[in-house]
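Residues per chain, in single letters:
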Amino acid sequence: MAGAHGPSSDAADDEVTPETASTILPTESPTLVWVGLGAGLLAFEVGALATFLVAILSDTLAAASLPGVGFVEGIEAAARQLPTLLSRETVPNEGYWNGQRWVGTFLGLRPEVAWGIRVALVYLYALAVAGWAVLGYRLYRREYRAADWTPRDDVIDRFRNHGWGLFGLAVVFMFVVMAVFAPALGPTTVDKNMRNSYDNELTYWDAETDSVETILVGEANLASQSRGDGEERVGPMEYDDFGRFHPFGTLPTGRDLFTFIAVGSRISLVIGLLSVGLSVGVATSLALIGAYYKGRVDLGMVLVSDGVMAMPQLLLLIMLTTVLKDTWVAGLYSGAFLLALIFAFTGWTYMWRSLRGPALQVSERQWIDAAKSFGQRPRTIMRQHMLPYITGYLLIYGSMTLGGAIIAIAGLSFLGLGVSPPTPEWGRAVNLGQEYVDTGSWHISLIPGLLITLVVTGFNALGDGIRDAIDPRSDAAGSDADDGAAAGRGGGA
Amino acid sequence: MTAREDPVVSVQSLKTYYHDDSIVGAKPPVRAVDGVDLDIREGETVGLVGESGSGKTTLGRTIIGLADATDGVVEADGQDVTEFDAEQARDWQRRVGMVFQDPEESLNDRMTIGEIVQEPLKAHDWPVLTVAVEGDATVRGSGVRPAEPDETVDLTVGLDGDVTVRDELPLSADAVTAAVDRSGDAPTVDVTVEKSRAEIRRDRAFDLLDRVGLSEQHFYRYPHQFSGGQRQRIGIARALALEPEFVVLDEPVSALDVSVQARIINLLEDLQDEMGLTYLFIAHDLSIVRHIADRVAVMYLGNVVELGPTESVYADPHHPYTVSLLSAIPGSGSPWTGERITLRGSPPNPRDPPAGCPFATRCPAKIRPDDYDLPERTWRALDELRVVFRTRARAEASAAETIKRLIGLDVAGQDLRETVSDLLADHDLPPAAQSTVDAAVELAAGGDDDAAAEQLREAFGSRCDREHPEPYDGGEDRTSQCLRQEAEYDGVAETIRARQEDEP
Ligand code: SF4
């Protein structure tokens, strides 16, 4: 952790940063330009953001059964009216063929092209936001930060040259963007295609009668099922009989797999972040307190964590989900909140085990004594003199545990536990498709399975990258005797 | 430097023992500090010297409140520091400072120099300015409080609204306004400071950096960007941030290049003169403290074995340990002209110090009993034999040995007898002595090493093995813990010299 970042490295920084930054922002007041860019980017999504915030508010009020729900719902409706440039309404892909041309799609383009444009726009937008953030960081580093070199600069520079870590970052980025923009990415919506499919109608071109007809979405789904080969399936990148485009094909129920996956990524991410966030919080506080006070306090924590670790996680999960089935906790976000709580409760022990060593190590360093010698308060010592030295480990284990959580959630849905249907979840897609793996409908299980693997690998790669960036000495760890130690430290998930 | 008689800190029979934290199989505690008396007087520098493990750092840490005293008193201003609760300890730590040995280790390298130097200030919400008003008046205002009697006064306010600011503060009188309201019974003074605390702290940090020979441009750098000497300067600036009266310097230069050491020592001396500081300067050898210390205290195994004015101790060491330390410094000016005295063996385990004089196992001037007339080397062989028994007694017995002992079998008797005959091979023991040794060996072979050691002590031990010497007053403000201070014995130096001559 405390590697020898020589003063020489700041010389290199000095050369690179101002130069690149000034070519990007050649004006007198780069900050204003930067703020302007930010406002511009925000404008694209004002509507979505407002809807989102208000929706959270009304959900909270409803959950707590507080008054004012009606009022907030009013605002929610108003927020929906705000324009959102990247929405399905602005670039629609749902339409029908009227014999001569496509009606209702973006610029009259074919649905697949319209959908492709929307997806591309969303990702471009996300990239632009990321670029804007990077620009802001550089600007801060060049213009506002008083120190011209900090130890963190070295970490970032090392990460920038870490191919595997960058791959992980890219995968994680794609995944997070998918989760955040899920409603805009799918060719259709969960509400229309799954939840209320019999309340929604669909206009299509009937080739037999050569005319435009309407049908309930639910009935259209029944005719678009993927349950085998040939006629009985709608594979990836195909249209069904109703002119609907399915980038990943359809589910055995005829529903759209891509929409299912996009929305499912949200729930995975939410459970993952929530459970990892909670367990990181608990594990960090306990590790710091235990390392600071040592002795009996630490011993007590070892006992408690051993006790928690001794509980069989799966049985606990099944038991708690059953016991709490009818309570309000289980109702929150289709049971995802409860899952996150259970994961956090069983998961903090592993995280704490991994953090305890580094925390104990830092607590022996002399600057802790130095801080005590002038009467610094314990809490400040933990926060200021110990925490910075374990945040690296936090990021590493956090990232890897998140991957683990995603796989665990998928595994549970595969077993029929966990997130309650019909809320989409990747593991359930794998489960639904498993009967058809050896038929033409192989896509149902394979695509979500591959995605799970990719995303989990991405999170692990990100963790690896962060570790190598923080501790340059572990660079060599892949090849020689340090391997065991490195693998040991990486086994946080 | 004139040392006045007021002790800033008075250490009385202080004991600091370290206990193992484990609940099962607790070993006896490490007696790091084992009964120390030491007064540190205002304005002086006390050099505390001893090899590693002698407890000198623990003594410093106990005074500062970093280690818990087991017994005894550390008195400051009539209060016992060791009895302080957390808040009182904080107050005490505000008034003292500590500079650590390894500047690579004592600075948090995730913080800038500015943050490091300001940290003590922030921790104590510095500054809360103390205000003294001429005449009787109530003081109001944020960030200020009325000065207690005998306290350093930061702002002096006249009843005409005139303000004077203490020189050391980075605050000009223009930035302070005092509004005097005479309408009530007693006048009320409203003090407004226009400079924010953060700004005062920052300027104070600039000032401190300047004092230790660094500059403002270093403020935003990180410790990685500094050399060892510079880092130690930063550590010193931090220790002085809260204007302490008393500073513990824990081997402040021993981790530095020789070329840098002198400069840091000079800096410390200058700062002492400027700020009227009192130092406890911990060092592992006598050569360094000679330049800086007014008095020197020599520590061995948790005891201060000799204490006195530096020059006097160097010119005429009273304790055999001090003599041996000085003999290792060429040209120390000590009267010791003979060969360098190498101490036999290694220091005893601080978990199990000798019952009598702590130095008895290694003392080159140890008093011998009158019962036998043996050459010194034979005495030493007998001493060593006793150490063998004691070590065996303390060592963990293996399960096999325990069983053997229980059923009365010989416990490693063969090895033991070989060791003993090796030890005593070319020594002629009188028959009475020989039979005592044989009896002891038999006891040990039977498993009772304690009794064996005890038997040897009875037979060959002297007062040095039985009595823990109290500090003897050696005149000239000096004390030493050695029985040879008593008139009936020969002096330390002459004994050692005579014994050295005896040995070929
Ligand atoms: S008391 Fe005895 S053993 Fe101790 S220092 Fe003096 S002479 Fe040596």
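Residues numbered from 1 in each chain as written. Chains lettered and ligands numbered in written order. Predicted model: local features only at pLDDT ≥ 70, side-chain atom pairs only at ≥ 80, totals over all residues. Heavy atoms only, no water.

Trainee: How do you make sense of the overall build of chain B when you look at a structure like this?
Mentor: Along its length, chain B carries 16 helices and 19 strands. Oriented by its inertia axes, the alpha-carbon framework of chain B measures out at about 100 × 50 × 50 Å. Counting every position in chain B, which comprises 504 residues, the buried fraction comes to 50%. Restricting to contacts in chain B with at least 6 residues of sequence separation, those with at least 24 account for 66%. In the structure as shown, chain B presents an accessible area of about 22900 Å², 46% of it carried by carbon and sulfur atoms. (Helix = DSSP H or I, 4+ residues; strand = E, 2+ residues; numbered from the N terminus. Buried < 20%, exposed > 50% of the residue type's maximum accessible area, 1.4 Å probe, protein only. Contact = heavy atoms within 4.5 Å. Areas by Shrake-Rupley, 256 points an atom, 1.4 Å probe, with all protein chains shown as cover.)

Trainee: It is not clear to me how empty space enclosed by the protein should be interpreted in this structure. Could you clarify?
Mentor: To find leftover empty space, a probe the size of one water molecule is rolled over the atoms. Residues and elements named next belong to chain B. In this structure the tally under the stated criterion is 4 cavities of 30 Å³ or more. Within this model, the largest cavity holds a volume of roughly 80 Å³. For the largest cavity, the full set of lining residues is H319, P320, C357, F359, C363, A365, K366, I367, C464, C482, L483 and R484. Residues that form the lining of the largest cavity fall into these classes: 9 nonpolar, 1 polar and 2 charged. Quantified by volume, the second largest cavity comes out at close to 50 Å³. E251, P252, V253, S254, F281, I282, A283, H284, D285 and I288 together form the lining of the second largest cavity. (1 Å grid on protein atoms, 1.4 Å probe; cavity = no way out; pocket = protein on both sides within 12 Å on 5 of 7 lines; lining within 4 Å. Points joined across faces, edges and corners; volume = space filled by probe spheres on them. Nonpolar A, V, L, I, M, F, W, Y, C, P; charged D, E, K, R; others polar.)

Trainee: How should I be thinking about the nonpolar core in this particular structure?
Mentor: Nonpolar side chains in soluble globular proteins tend to end up buried together. Core analysis: the biggest nonpolar cluster contains 76 residues, and A:M178, A:L185, A:L355, A:M386 and A:W426 have the highest contact counts within it. If sequence neighbours within four positions are ignored, A:L355 has contacts with A:A283, A:T284, A:A287, A:I390, A:Y393, A:L394 and A:Y397. (Core = buried A, V, L, I, M, F, W, Y, C linked by side-chain atoms within 4.5 Å.)

Trainee: What's the story with the domain arrangement of chain A in this structure? I'm lost.
Mentor: In many reports, interface size means the accessible area that the parts give up when they come together. Residue and element names in this part refer to chain A. Once the domains are mapped, chain A shows domain 1 (91-148 + 187-255) and domain 2 (262-487). Contacts between the two partners involve 16 residues from domain 1 and, on the opposite side, 14 residues from domain 2. In total, domain 1 and domain 2 occlude about 1200 Å² of area from one another, counting both sides; carbon and sulfur atoms represent 67% of this. When residues of domain 1 are sorted by the area they lose upon contact with domain 2, R195, F248 and P252 head the list and together hold 31% of the total. Between domain 1 and domain 2 we count 0 salt bridges in total. Our count for the contact surface shared by domain 1 and domain 2 stands at 4 residue pairs in polar contact (both at pLDDT 80 or more). (Domains from an automatic or database assignment. Buried area = accessible area lost by both parts, 1.4 Å probe. Salt bridge = Lys/Arg side-chain N within 4 Å of Asp/Glu carboxyl O. Polar contact = N/O pair within 3.5 Å; in protein donor to acceptor, adjacent residues only side chain to side chain.)

Trainee: Honestly, the side chain of A:D153 in this entry has me stumped. Any pointers?
Mentor: All names here are of chain A. Tracing the backbone shows D153 in helix 6 (residues 151-160). Taking relative accessible area as the criterion, D153 reaches 1% and is therefore assigned buried. A polar contact is formed between the side chain of D153 and the side chain of Y137, at a distance of 3.5 Å.

Trainee: Is there a simple way to explain the packing of aromatic side chains in this structure?
Mentor: The geometry of an aromatic ring pair is captured by two quantities: the separation of the ring centres and the angle between the planes. Evaluation of the coordinates by the stated rule reveals 24 aromatic pairs over all chains. With a centroid separation of 6.3 Å and 25° between ring planes, the pair formed by A:Y393 and A:Y397 is classed as stacked. Here A:Y393 pairs with A:Y397, and both are found in helix 17 (residues 378-414), just 4 residues apart, close to one helical turn. A relative accessible area of 3% places A:Y397 in the buried class. Pairing B:F219 with B:Y220 gives two aromatic rings, centres 5.0 Å apart and planes at 85°, and the pair type is edge-to-face. Note on B:F219: relative accessible area 5%, which makes it buried. Ring pairs connect the aromatic residues A:W97, A:W102, A:W115, A:Y239, A:F245, A:F248 and A:F258, which therefore count as one cluster. (Phe/Tyr/Trp six-rings, centres within 6.5 Å; stacked < 30°, edge-to-face > 60°.)

Trainee: Mind showing me how you'd approach the layout of surface pockets here?
Mentor: All names here are of chain A. Taken as a whole, the largest pocket encloses approximately 2100 Å³ of empty space. Every residue lining the largest pocket is counted, 48 residues in all, and those nearest its centre are T51, F52, A55, P183 and R266. Of all the elements in the fold, those that place two or more residues in the lining of the largest pocket are helix 3 (46-63), helix 4 (69-81), helix 7 (163-180), helix 8 (182-185), helix 9 (190-195), helix 11 (257-293) and helix 15 (336-363). Broken down by element, the residue count for the lining of the largest pocket peaks at 10 residues, all from helix 3. Looking at the lining of the largest pocket, you find at least three residues from each of domain 1 (91-148 + 187-255) and domain 2 (262-487).

Trainee: Teacher, can you tell me more about a nonpolar patch on the surface here?
Mentor: Residue and element names in this part refer to chain A. Together, L42, V46, L49, F52, L53 and I56 give the surface a local cluster of nonpolar side chains, amounting to about 530 Å² of exposed area. Take the nonpolar patch: its biggest share by element is 5 residues, from helix 3. Note that I56 resides in helix 3. (Patch = residues over 30% accessible without salt bridge, like charges linked within 9 Å, V, L, I, M, F, W, Y side chains within 5 Å.)

Trainee: Just to check I follow, could you spell out the interface of chain A and chain B for this structure?
Mentor: Contact residues are listed per partner, giving 31 residues for chain A and 29 residues for chain B. Of the roughly 2800 Å² buried between chain A and chain B, counting both surfaces, carbon and sulfur atoms make up 52%. If you sort the residues of chain A by the area they bury against chain B, A:Q366, A:S373 and A:F374 come out on top, with a joint share of 23%. Between chain A and chain B we count 3 salt bridges in total. The salt bridge involving B:R61 is made with A:D369; its shortest N-O contact spans 2.6 Å. Across the contact surface, chain A and chain B share 16 residue pairs in polar contact (both at pLDDT 80 or more). Put simply, the parts of the chain that give the side of chain A that touches chain B at least two residues each are helix 12 (295-310), helix 16 (366-373) and helix 17 of chain A. Of all the elements, helix 16 of chain A adds the most residues to the side of chain A that touches chain B, at 7 residues.

Trainee: What is the right way to look at the pairing of strand 1 (residues 7-18) of chain B in this model?
Mentor: Both faces of the sheet carry side chains from a regular strand, because those side chains alternate between them. All names here are of chain B. With 9 bridges connecting them, strand 1 and strand 2 (residues 30-41) associate as antiparallel partners. In the strand pairing of strand 2, S10 is matched with D39. Alignment of strand 1 against strand 4 (residues 71-76), held across 4 bridges, turns out to be antiparallel. Residue pairing across strands places S10 opposite E75, the latter belonging to strand 4. (Pairing = 2+ DSSP bridges.)

Trainee: Would you take a moment to explain the sheet that holds strand 7 (residues 129-133) of chain B for this structure?
Mentor: Within a sheet, neighbouring strands are paired by backbone hydrogen bonds and run either parallel or antiparallel to one another. Residue and element names in this part refer to chain B. With mixed pairing, 4 strands are arranged side by side in an open sheet as 9-7-10-11. Two strands close off the open sheet at either side, each with one partner strand: strand 9 (144-146) and strand 11 (163-165). On average, adjacent strands in this sheet sit at an angle of 30° to one another, irrespective of strand direction. Pairing between strand 7 and strand 10 (residues 155-157): 3 bridges, direction parallel. Counterpart to V131 in the pairing with strand 10 is L155. (Axes fitted to C-alpha atoms, helices over the stretch in contact; angles between N-to-C directions.)

Trainee: Help me understand helix 2 (residues 30-44) of chain A in this model?
Mentor: Residues separated by three or four positions in an α-helix point in the same direction, a consequence of the helix having 3.6 residues per turn. All names here are of chain A. For helix 2, built from 15 residues, the straight-helix expectation of 21 Å at 1.5 Å per residue is met to within 8% by its first-to-last C-alpha distance of 22 Å. Of the residues making up helix 2, those classed as buried are P30, G38 and L41. Buried positions in helix 2, seen along its axis, are confined to an arc of 80° and lie on one side of it. Residues of helix 2 that are buried in the fold lie against helix 5 (111-144). (Expected span 1.5 Å × (residues − 1). Arc of directions from axis to C-beta.)

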